Amino acid sequence: MQSDPSSLGAESIPMHRSTSMPVKPKPLEQKPLLRSSEKETVNAADYYPESPGFVRRRKSKTVGDQLETRSEQNFPCTNDWAGSTIELTPEPGTSSSDILRRSLNRVMEKNGKENVVFRRIPEKSWRYMRDLVTTLLELNWNYMLTLFLASYFLCWLLFAALCYVVSYSHGDFIFDPISGARMGEGEDPCIYGVGNWVAMLIYSVETQTTLGFGEKYASEECPETVFLFAMQMLSAALIEGCMVSVIYAKTARPAKQMTKLKFSDKAVICYRDGQLCLLFRVCDPREQQSIQSKIRVYMIVDKRTREGEIIKTHTELKLEGNGEQLIVWPDVVCHVIDETSPLHQFTNAKLFNAAQFELCVSIVGTSPATAQMTEAKTSYLPREIFWGQRFVNIIHYDAQNERYLVDYENFNRTISVDMPIRLAATNDQLKLEYRK
């Protein structure tokens, strides 16, 4: 039998399997996943950033309730309510230019200050000087107080310099170096007790503030100093009268009478008695509320004409009760969004989010303290109008003390409500489509 030549010269070497490659992989240990309540705690503010003070509607646990629920207004709706953050999120196909287009610039700030500045007005300074009283009233407190303090100092320096010139020309500051006697004209100096500029400045301050002359007083030697003395007293009375009048007018003017009037920092849209409504809340916590309060809401929107010109238009929204509110307690102002409303075209939260308008709110009334017309203003942008929410009730009756209590802490708090989807109306009826 002939053997294989390759197997003759080779020795039989045993083969060892590498330790890095086991024969059979070890099975992984199966560890149960434990739920951690600390890690699963979610901050509600991160899920609902559009409404910092609202309460989410409790989710139904049964399968039947998840398919269809009913709100307190007895409207059929679905579990995915229209006021959620999903509707306010832009679609994936939305471009960045559309998102930038939605950023609006306010015409009116939340505190009622108009965001309008006039530039290149001819003779602007002269117009302010001609109406000096109005200019002083419209100045900030810092500028006005600085102006009055500067007027006092300038008046002291001016009359001190004039009196110093009169005394210097009379020779009151020329003394004999040996005896120290005055070598000027006349027997008496123009102003007793004044020998230098500092003493003259102290004399001017004492004269204007009527602190009492003491050693420094005017004499009959110089009629000029007597005239300057009388003029400085009249100037002091004029400055003090203007200061008191302007300060009183600034504190009692109509723009400052309703500073305590509070608007809700957001508006909501929900259903009331079967009608879609825009709601916001107002409150006057003072003991004496304004008389004959009138609320107006204007919608400011940019409109493009056929010729391509962009103009700003404003339309007044019709309010319930014609805007005449009795603000004894926090009251909710209502605007019904019907066919005549400028907001009728925005039928869901997505359209409101993409809208370009501003709602300017003003309240005009009479102050019971000063009997002057007062006004308070604010504004709402589309991002401050929340779909599918309503204000919580903050008025409760205390039967023990027999009075009403207002929970002012929840003034801006809202809760989510169910919102049906509105379709085209046929035969003056509202069709509702259920979400699936």
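Residues numbered from 1 in each chain as written. Predicted model: local features only at pLDDT ≥ 70, side-chain atom pairs only at ≥ 80, totals over all residues. Heavy atoms only, no water.

Structural notes on helix α10 (residues 223–252)
Along its 30 residues, α10 runs 44 Å from first to last C-alpha, staying within 8% of the 44 Å computed at 1.5 Å per residue. If you check which residues of α10 are buried, you get Thr225, Leu228, Gln232, Ser235, Ala236, Ile239, Val246, Lys250 and Ala252. (Helix = DSSP H or I, 4+ residues; strand = E, 2+ residues; numbered from the N terminus. Expected span 1.5 Å × (residues − 1). Buried < 20%, exposed > 50% of the residue type's maximum accessible area, 1.4 Å probe, protein only.)

Quick look at the pattern of salt bridges
Per the stated rule, a full pass over the model turns up 6 salt bridges. Overlapping salt bridges bring together Arg106, Lys110 and Glu384 as one network. (Salt bridge = Lys/Arg side-chain N within 4 Å of Asp/Glu carboxyl O.)

Some points on the pairing of strand β17 (residues 403–406)
Where a strand is regular, its side chains alternate between the two sheet faces. As judged from the 4 bridges shared by strand β16 (residues 395–398) and β17, these two strands associate in the antiparallel manner. When the sheet's bridge partners are listed, histidine 396 is paired in β17 with leucine 405. In textbook terms, the turn of a hairpin is the stretch between consecutive antiparallel strands, and for β16 and β17 this stretch comprises 4 residues, one of which, glutamate 402, has a positive phi near 55°. (Pairing = 2+ DSSP bridges.)

Quick notes on the environment of glutamine 289
One can find glutamine 289 in the loop between β8 (275–283) and β9 (291–304). Judged by relative accessible area, which is 21%, glutamine 289 ranks as partly exposed. Taking the C-alpha atoms as reference points, glutamine 289 and isoleucine 327, 38 residues apart in sequence, are found 7.0 Å from one another.

Section: the environment of methionine 144
On the secondary structure map, methionine 144 appears in helix α8 (residues 141–169). Residues methionine 144 and methionine 243 lie 99 residues apart in sequence; the distance between their C-alpha atoms is 9.1 Å.

A word on the sheet that holds strand β13 (residues 373–380)
Here we have 4 strands laid out as an open sheet, ordered β10-β9-β12-β13, and antiparallel in their pairing. Across the chains shown, the open sheet's two edge strands, defined by having one partner strand only, are β10 (310–317) and β13. If you compare each strand with its neighbour and ignore which way they point, the axes differ by 25° on average. Looking at chain direction, β9 and strand β12 (residues 358–366) are connected through 8 bridges and run antiparallel. (Axes fitted to C-alpha atoms, helices over the stretch in contact; angles between N-to-C directions.)

Here we look at the packing of aromatic side chains
Under the counting rule described, the total for this entry stands at 14 aromatic pairs. Taking 5.1 Å as the distance between ring centres and 70° as the angle between the ring planes, the aromatic pair formed by phenylalanine 153 and tryptophan 156 counts as edge-to-face. Placement of the pair is phenylalanine 153 and tryptophan 156 together in helix α8, with a separation of 3 residues, close to one helical turn. On the basis of relative accessible area, tryptophan 156 is assigned to the buried category, the value being 17%. Measuring from ring centre to ring centre gives 5.8 Å for tyrosine 164 and tryptophan 197, while their planes differ by 85°; the resulting arrangement is edge-to-face. Of this pair, tyrosine 164 sits in helix α8 while tryptophan 197 sits in helix α9 (residues 197–209), placing them 33 residues apart in sequence. Three or more aromatic residues joined by ring pairs make a cluster, and in this case those are Tyr164, Tyr168, Phe173 and Trp197. Taking NZ or CZ as reference, lysine 250 lies 5.1 Å from the ring centre of tryptophan 141, over its face. When the ring centre of phenylalanine 411 is taken as origin, the NZ or CZ atom of arginine 281, which lies over that ring, is 5.8 Å away. (Phe/Tyr/Trp six-rings, centres within 6.5 Å; stacked < 30°, edge-to-face > 60°. Lys NZ or Arg CZ within 6 Å of the ring centre and 35° of its normal.)

Details of the state of the cysteines
What the rule picks out here adds up to 1 disulfide. With a sulfur-sulfur separation of 1.8 Å, cysteine 190 is cross-linked through a disulfide to cysteine 222. The S-S bond linking cysteine 190 to cysteine 222 shows a torsion near -50°; that makes this disulfide left-handed. Remark: cysteine 222 occurs in the loop between β5 (217–218) and α10 and cysteine 190 occurs in the loop between α8 and β4 (191–192); sequence separation between them is 32 residues. Like cysteine 222, cysteine 190 is buried. The closest cysteine sulfur to the non-disulfide-bonded cysteine 277 is located on cysteine 334, 3.6 Å from its own sulfur. What makes cysteine 277 buried here is its relative accessible area of 1%. (Disulfide = S-S within 2.5 Å.)

So, the side chain of glutamine 389
Within the secondary structure, glutamine 389 is located in strand β15 (residues 389–391). We classify glutamine 389 as buried; its relative accessible area is 1%. At 2.6 Å, the side chain of glutamine 389 forms a polar contact with the side chain of threonine 414. (Polar contact = N/O pair within 3.5 Å; in protein donor to acceptor, adjacent residues only side chain to side chain.)

A closer look at the packing of α9 against α10
Angle between the axes and distance between the axes: these two values describe a pair of packed helices. One way to put it is that α9 packs onto α10 with a least axis distance of 8 Å and a crossing angle of 55°. Classified by the angle between their axes, α9 and α10 sit oblique to one another. Handedness of the α9/α10 crossing: right-handed. Together, Tyr203, Ser204, Thr207 and Gln208 of α9 and Phe229, Gln232, Met233, Ala236 and Ile239 of α10 make up the contact between the two elements. (Parallel < 35°, antiparallel > 145°, perpendicular 65-115°, else oblique. Left-handed = near helix turned anticlockwise from the far one by under 90°. Contact = heavy atoms within 4.5 Å.)

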